[in-house]
Amino acid sequence: MTTYNNVLYQTDNGIGMITLNRPKALNALNSELLTELNGLLDEIAQDDSVKVVIITGSGDKAFVAGADIAEMQNISPLEGRAFGKFGQAIFNKLENIPQPVIAAVNGFALGGGCELAMACDIRIASDKAKFGQPEVGLGIVPGFGGTQRLPRLIGKGRAKELLYTADMINAEEAYRIGLVNRIVAAEELLSTAKELAEKIMARAQAAVQLCKAAVNTGMDTDLESGIAYEAEVFGLCFASADQKEGMSAFIGKRKPNFSNK
Ligand code: CO8
């Protein structure tokens with residue numbers, strides 16, 4: 001594994017732990033951090049030993065306080081478009097790596113930080129987390145998928161209110177509107193994320209990954225095409241040793257012992 005400056009990475013028993021690490025700038029996403037995250041995601045996607053990924057921010061204040069405003073301040077329209085496309089491609093990659101990704105949101109998740117959390121499969125928030133899309137207060141629109149993922153996640157009406165007002169909401173409100181799956185005390189955030197990762201890892205990994213692919217593919221298409229895709233991946237499961245093990249364990253009234261094959 002490559003060593004990065006702005007992104008810390010550790011693996012522990014099948015969990016890949018990414019910590020975004022620019023605490024002095026509240027982990028704001030500059031080009032260097034994004035380039036490193038891009039490279040790290042490529043490495044993780046190829047690493048079969050990693051079953052679940054957790055992403056968090058370093059320090060106790062921020063998950064990610066957005067794209068780096070200082071870096072963006074004087075860019076040209078063409079540079080802005082290129083930067084937006086670069087970030088979008090990385091978040092698409094994150095959304096579609098084979099492994100499930102849990103965002104452990106430890107503080108501010110604003111702008112690009114909220115967009116990053118939304119590109120993850122599951123969001124767990126610390127009770128200190130705060131969310132928002134403050135871009136219109138800076139004279140821009142969200143550029144890393146926020147105008148698209150937010151309405152898909154919480155519905156068009158609520159998304160538009162957050163986008164138009166630039167309001168910051170707390171973890172309770174984020175939970176109420178479905179932006180996060182659950183809230184835990186700040187000191188329990190990482191242990192809760194790891195417990196959830198372990199629960200997922202106890203299941204058949206190929207099936208988990210095919211669920212991810214089916215949901216992602218289906219959400220980007222019509223129901224009929226999504227269901228057709230589901231039939232294909234459902235059939236594919238019967239090529240796996242884990243399907244045989246899972247079903248024979250059920251019939252034999254014992255716990256399955258999956259080999260991830
Ligand atoms: N970019 C750069 N630096 C930042 C950012 C940021 N987004 N957020 C915080 N920082 C820096 C501050 O400048 C400060 O640095 P310094 O100590 O050198 O002055 C340090 O982090 C600490 O921040 P504060 O002193 O402001 O801390 P507070 O506790 O007072 O406030 C806040 C915390 C409320 C989070 C505040 O820092 C803030 O409002 N940050 C900006 C939040 C924001 O507007 N985010 C959206 C950015 S735009 C975006 O994400 C668009 C994404 C798509 C881009 C597409 C490009 C084409």
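Figured I'd write up the structure that's included with this text.

Reading the values: the criteria
Residues numbered from 1 in each chain as written. Predicted model: local features only at pLDDT ≥ 70, side-chain atom pairs only at ≥ 80, totals over all residues. Heavy atoms only, no water. Near = heavy atom within 4 Å. Polar contact = N/O pair within 3.5 Å; in protein donor to acceptor, adjacent residues only side chain to side chain. Areas by Shrake-Rupley, 256 points an atom, 1.4 Å probe, with all protein chains shown as cover. Helix = DSSP H or I, 4+ residues; strand = E, 2+ residues; numbered from the N terminus. Nonpolar A, V, L, I, M, F, W, Y, C, P; charged D, E, K, R; others polar. Pairing = 2+ DSSP bridges. Axes fitted to C-alpha atoms, helices over the stretch in contact; angles between N-to-C directions. Contact = heavy atoms within 4.5 Å. Patch = residues over 30% accessible without salt bridge, like charges linked within 9 Å, V, L, I, M, F, W, Y side chains within 5 Å. Salt bridge = Lys/Arg side-chain N within 4 Å of Asp/Glu carboxyl O. Lys, Arg positive; Asp, Glu negative; His and termini not counted. Charge placed at Lys NZ, Arg CZ, Asp CG, Glu CD. Buried < 20%, exposed > 50% of the residue type's maximum accessible area, 1.4 Å probe, protein only. Core = buried A, V, L, I, M, F, W, Y, C linked by side-chain atoms within 4.5 Å. Disulfide = S-S within 2.5 Å. Phe/Tyr/Trp six-rings, centres within 6.5 Å; stacked < 30°, edge-to-face > 60°.

1. Observations regarding the site of the ligand
Argument step 1. What surrounds the ligand is a group of 24 residues, the closest being Lys61, Ala65, Ala67, Ile69 and Gly112.
Argument step 2. One of the side-chain N or O atoms of lysine 61 is found 2.7 Å from an oxygen atom in the ligand.
Argument step 3. At 2.7 Å, a backbone N or O of alanine 67 approaches an oxygen atom of the ligand.
Argument step 4. Relative to its free-state accessible area of 1,100 Å², the ligand is covered by the protein chains to the extent of 63%.
Argument step 5. Where the shell around the ligand is concerned, the elements lending two or more residues are helix 2 (69-72), helix 3 (77-96), strand 6 (108-110) and helix 4 (112-119).
Argument step 6. For the shell around the ligand, the element with the most residues is helix 3, which contributes three residues.
Argument step 7. Class assignment for the residues of the shell around the ligand results in 13 nonpolar, six polar and five charged.

2. Description of the sheet that holds strand 10 (residues 182-184)
Backbone hydrogen bonds hold the strands of a sheet together, and the pairing may be parallel or antiparallel.
Argument step 1. Pairing within the open sheet is mixed, and its six strands lie in the order 1-2-3-5-7-10. The open sheet has two edge strands with one neighbour each: strand 1 (7-12) and strand 10. Geometrically, the sheet is characterised by an average inter-axis angle of 20° between neighbouring strands, direction not taken into account.
Argument step 2. One ladder, built from four bridges, connects strand 5 (residues 101-105) with strand 7 (residues 122-126); its direction is parallel. Note on strand 7: the bridge partner recorded for alanine 104 is isoleucine 124.

3. Some words on the environment of aspartate 127
Argument step 1. With respect to the helices and strands, aspartate 127 occurs in the loop between strand 7 and strand 8 (130-132).
Argument step 2. Taking the C-alpha atoms as reference, aspartate 127 lies 9.9 Å from glutamate 188; in sequence the two are 61 residues apart.
Argument step 3. Beyond its immediate chain neighbours, meaning those up to four positions away, aspartate 127 contacts Ala171, Ile183, Val184, Ala185 and Ala186.

4. Details of a negative patch on the surface
Argument step 1. Taken together, the side chains of Asp12, Asp127, Glu172, Glu187, Glu188, Glu195 and Glu198 define an acidic patch exposed on the protein surface.
Argument step 2. With respect to the helices, strands and loops of the structure, glutamate 195 is situated in helix 8 (residues 189-201).
Argument step 3. The class for glutamate 195 is exposed, based on a relative accessible area of 54%.

5. Notes on the pattern of salt bridges
For side chains bearing opposite charge, pairing can occur when the charged atoms are close.
Argument step 1. Taken as a whole and assessed by the stated rule, the structure comprises six salt bridges.
Argument step 2. With a closest N to O distance of 2.9 Å, glutamate 173 and arginine 176 form a salt bridge. Note that glutamate 173 and arginine 176 are positioned in helix 7 (residues 171-176) at a spacing of three residues, about one turn of the helix.
Argument step 3. Between arginine 254 and glutamate 245 there is a salt bridge, with the nearest N and O atoms lying 2.7 Å from each other.
Argument step 4. According to the relative accessible area criterion, glutamate 245 is buried, its value standing at 18%.

6. Considering the nonpolar core
A general trend in soluble globular proteins is that nonpolar side chains are found buried together.
Argument step 1. Counting 48 residues, the largest nonpolar core has Ile18, Leu20, Ile55, Phe63, Phe131 and Leu179 as its most contacted members.
Argument step 2. Looking at this core, the element that brings in the most residues is helix 1 (residues 31-45), giving six residues.
Argument step 3. Apart from the residues lying within four places of it in its own chain, the contact partners of isoleucine 55 are Ile18, Leu20, Phe63, Leu94, Val101, Ile102, Ala103, Ala104 and Cys120.
Argument step 4. Judged by nonpolar contacts, the second largest core, of 15 residues, contains Val52, Ala193, Ala197 and Val208.

7. Some thoughts on the state of the cysteines
Argument step 1. Per the stated rule, a full pass over the model turns up zero disulfides.
Argument step 2. Sulfur of cysteine 114: no disulfide; nearest cysteine sulfur belongs to cysteine 120 and is 11 Å away.
Argument step 3. We classify cysteine 114 as buried; its relative accessible area is 2%.
Argument step 4. Of all cysteine sulfurs in the structure, the one in cysteine 211 sits closest to cysteine 237, which takes part in no disulfide; the separation is 7.5 Å.

8. Quick look at the packing of aromatic side chains
Argument step 1. Following the criterion strictly, the structure yields three aromatic pairs and no others.
Argument step 2. Ring geometry for phenylalanine 83 and phenylalanine 144: centres 5.4 Å apart, planes at 70°, overall edge-to-face. Here phenylalanine 83 is found in helix 3, whereas its partner phenylalanine 144 is found in the loop between strand 8 and helix 5 (146-154), with 61 residues between them in sequence.
Argument step 3. Classification of phenylalanine 144 as buried rests on a relative accessible area of 4%.
Argument step 4. An aromatic cluster is defined as three or more aromatic residues linked by ring pairs; in this entry it consists of Phe83, Phe91 and Phe144.

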